[in-house]
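# Per-entry structural report
Chain by chain, the residues run as shown.
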Amino acid sequence: MRRVVITGAGTVNALAQDVPGTFAAMAEGRCGIGTLNFPDVERLSVQIGAQVQGWQPEAHFERGKLAFYDLFTQFALVAAAQAMAQAGLPGAPGDPTRWGCVMGTAGGGNGTVNDAFRTVFAEGKNRVHPFTVPKLMNNAACSHISMGYGLQGPSFSVATACSSSNHAIGLAFQMIRAGMADGMLAGGSESMLNFGGLKAWEGLRVMSTDGCRPFSVDRNGMVQGEGAGVFVLEDYDHALARGAEILAEIKGFAMTSDAGDIVMPSPEGAARAIRGALNDAGLSPDQVGYINAHGTGTAANDRTEVAAIRQVFGPAADRVMVSSTKAMHGHCIGGTGAVELLACLLALREGVIAPTINHRADDPDCDLDVVPNVARQARVDAVLSNAFAFGGLNAVLALARV
């Protein structure tokens, strides 16, 4: 069983289009949620979101290649380039068949789907763009990353709704640990901030019209975001041998299924995932200093997650810091776990605990230290990242300082 470390990180999200900018925004408690800007937004009941501002595809890609890239693929490719640059890798080192890519996404090329429906139904045309299928397929981001860096090992996409990124990173971790690969690019990407994407979410009645307030007694729903996070995962000895800087070690991973309701979360299912990640990592609850919560800002999710943490941590739940960064960068759905993993790196590397902003008043059902409104300086040696998805699919990662 080999040790697995992170040697590179990259991101595009509503807070910033790189990791240093995202770290700074999280430390400042900055909010990236604002008024949305896209066609037909005035027809929506929910008109706020964490949209990536000032995105210029032409600054990153040749015009000819853009014909193949939905926005979620663009975000993923830029994040992957940042991660590979930080890791000091122009491509797969050594045997390319020993390197692969796992990417999570829930909607894939949702913007392409929206555009195609608009073309056919709203504009009455009988033809769509010839590359519609390659742009919309869920594995597009993963495939373009693998082609860009010559990764010929295991490469695939994972779609488990809001847990997609954590599942992707966890599966990549397991493959390296088991000896199936020497290194992997892993993370997630999402972009469904368009009329069709948000109109579908409106139907669920879980969206807030005025802001995301995780764990606050007056919370009234989630706010959707977009973006990507990509990480270079490597075998520890491989990373040491090439002199790579190690950002953190992935110690454990667990995934469970509630096998219950399609939308209502289960504290038992979440608790089994949290406990499983701790057991896999060989960590006790007392050793964990910070939990990046799923913390969507819905009444049911936040209450359920707190119950699950208390079930596993017992008395230690009163001293562990728990925050949800979704109030800053929005809920990036299939990409959210990857963006939130940055908060875990911020805690481990910089000793900065990202806050739960917009916290107005305590909820007795969410009675944990949620690091309200202001970031905190604290040394932590081990952290958890929670992800709990519609469909009852749970994925928890455990990381530690090296």
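### A few points about the overall build of the protein
Assigned secondary structure in the protein consists of 13 helices and 14 strands. The C-alpha radius of gyration computed for the protein amounts to 20 Å, which stays within 12% of the reference 21 Å derived for 402 residues, consistent with globular compactness. Projected onto its principal axes, the C-alpha positions of the protein cover 65 × 55 × 40 Å. Burial analysis of the protein (402 residues in total) assigns 60% to the buried set. Restricting the contact set of the protein to residue pairs at least 6 apart, pairs at least 24 apart contribute 78%.

### Examining the pairing of strand S1 (residues 4-13)
Taken across its 10 residues, S1 has 10 buried, putting it largely inside the fold. As defined by bridge partners, S1 adjoins strand S8 (residues 248-257) across 3 bridges and the pair is classed as antiparallel. Bridge assignment links isoleucine 6 to a residue of S8, and that residue is alanine 248.

### A word on the side chain of asparagine 301
You can see asparagine 301 is positioned in helix H11 (residues 299-313). The residues touching asparagine 301, leaving out its near neighbours within four places in the chain, are Pro265, His294, Gly295 and Thr296.

### Examining helix H3 (residues 71-87)
Here H3 contains 17 residues, and its C-alpha end-to-end distance of 24 Å stays within 8% of the 24 Å for a straight helix at 1.5 Å per residue. Taking burial as the measure, the 17 residues of H3 include 12 buried ones, the bulk of the element. All of the buried residues in H3 are Phe72, Thr73, Gln74, Phe75, Ala76, Leu77, Val78, Ala79, Ala80, Ala83, Met84 and Ala87. The opening residue of H3, the one whose side-chain oxygen lies 3.0 Å from the backbone nitrogen of phenylalanine 72, is aspartate 70. Two residues or fewer after H3 comes glycine 88, characterised by a positive phi angle close to 75°.

### Here's the deal with the packing of helix H7 (residues 164-177) against helix H13 (residues 336-350)
Packed helix pairs are specified by the crossing angle of their axes together with the interaxial distance, meaning the distance between the axes. Direction vectors running N to C along H7 and H13 enclose 70°, while the axes themselves pass 6 Å from each other. The pairing of H7 with H13 is recorded here as roughly perpendicular in orientation. Across the interface between the two elements, Ser165, Asn166 and Ile169 of H7 pack against Thr336, Gly337, Ala338 and Leu341 of H13.

### Re H13
In an α-helix there are 3.6 residues to a turn, and that puts residues three or four apart on one side. Given a rise of 1.5 Å per residue, 15 residues ought to cover 21 Å, and the 21 Å separating the end C-alpha atoms of H13 matches this to within 8%. For H13, a buried count of 13 out of 15 residues is recorded, marking the element as mostly surrounded by other parts of the structure. A positive phi of about 65° marks glycine 351, the residue just after H13.

### Topic: empty space enclosed by the protein
What the rule picks out here adds up to 1 cavity of 30 Å³ or more. Reported here for the largest cavity is a volume of approximately 40 Å³. Along its surface, the largest cavity is lined by Pro265, Ser266, Ala270, Asn301, Thr304, Glu305, Phe388 and Asn394. A total of 3 residues in the lining of the largest cavity trace back to one element, the largest contributor, which is H11. Partitioned by chemical class, the residues of the lining of the largest cavity number 3 nonpolar, 4 polar and 1 charged.

Cut-offs applied
Residues numbered from 1 in each chain as written. Predicted model: local features only at pLDDT ≥ 70, side-chain atom pairs only at ≥ 80, totals over all residues. Heavy atoms only, no water. Helix = DSSP H or I, 4+ residues; strand = E, 2+ residues; numbered from the N terminus. Rg over C-alpha atoms; globule rule 2.2 N^0.38 Å. Buried < 20%, exposed > 50% of the residue type's maximum accessible area, 1.4 Å probe, protein only. Contact = heavy atoms within 4.5 Å. Pairing = 2+ DSSP bridges. Expected span 1.5 Å × (residues − 1). Polar contact = N/O pair within 3.5 Å; in protein donor to acceptor, adjacent residues only side chain to side chain. Axes fitted to C-alpha atoms, helices over the stretch in contact; angles between N-to-C directions. Parallel < 35°, antiparallel > 145°, perpendicular 65-115°, else oblique. 1 Å grid on protein atoms, 1.4 Å probe; cavity = no way out; pocket = protein on both sides within 12 Å on 5 of 7 lines; lining within 4 Å. Points joined across faces, edges and corners; volume = space filled by probe spheres on them. Nonpolar A, V, L, I, M, F, W, Y, C, P; charged D, E, K, R; others polar.

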